[in-house]
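Each chain is listed here by its residues.
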Amino acid sequence: QVQLEESGGGVVQPGGSLRLSCAASGRILSITTMGWYRQAPGQQRELVAGITIAGRTNYADSVNGRFTISRDDAKNTVYLQMNSLEPEDTAIYSCNVRALVVGASTYDNYWGQGTQVTVSS
């Protein structure tokens, strides 16, 4: 019903930057919240950043001031600009959207496949 295509992951040195993108497609009527999560090996998945339809944002304490989430509703796309990357940011990053699709009566959560981000010298 909703396909999420992520891009922008890769390998970067400490202090470097990456920009992740996640484009949603399908029979989408509306998207409310959009967000990025990450999961490092041996750890639980955690919320990195979220953004509401009104543009209100929230961030994990560990990334506040370094990462910026934004969205383009015309393209059903959410972005995560990651600056001053640290080795501790190494993880699989997945996007999440809460969307209403054609034929549905409620909003559901949809997940991307994930993209690897590795911060290493």
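Predicted, not measured: the structure shown is a model, and the values here were computed from it.

Asker: Quick one: what's the story with the sheet that holds strand β7 (residues 67-72), residue by residue and with numbers?
Answerer: Spatially, four strands are ordered β1-β3-β8-β7 in an open sheet, and the strand pairing comes out antiparallel. Bordering the open sheet on either side are β1 (2-7) and β7, each of which pairs with just one other strand. Along the sheet, successive strands turn relative to each other by an average axial angle of 15°, direction set aside. Across six bridges, β1 lies against strand β3 (residues 18-26) in antiparallel orientation. In the sheet register, Glu5 faces β3, and the bridge partner there is Ala23.

Asker: Can you explain unusual backbone geometry? Please cite residues and give values.
Answerer: Positive phi is not limited to glycine here, since Asn76 has a value of about 50°. Relative to the assigned elements, Asn76 resides in the loop between β7 and β8 (77-82).

Asker: Talk me through the state of the cysteines; I want residue IDs and the actual numbers.
Answerer: By the definition in use, this model includes one disulfide. Covalent S-S linkage joins Cys22 and Cys95, the inter-sulfur distance amounting to 1.9 Å. Measuring handedness by torsion sign, the sulfur bridge of Cys22 and Cys95 sits at about 40° and is right-handed. Separated by 73 residues along the polypeptide, Cys22 in strand β3 and Cys95 in strand β9 (residues 91-101) bring together distant segments of the chain. Both residues of the pair, Cys22 and Cys95, count as buried.

Rules of the game
Residues numbered from 1 in each chain as written. Predicted model: local features only at pLDDT ≥ 70, side-chain atom pairs only at ≥ 80, totals over all residues. Heavy atoms only, no water. Pairing = 2+ DSSP bridges. Helix = DSSP H or I, 4+ residues; strand = E, 2+ residues; numbered from the N terminus. Axes fitted to C-alpha atoms, helices over the stretch in contact; angles between N-to-C directions. Disulfide = S-S within 2.5 Å. Buried < 20%, exposed > 50% of the residue type's maximum accessible area, 1.4 Å probe, protein only.

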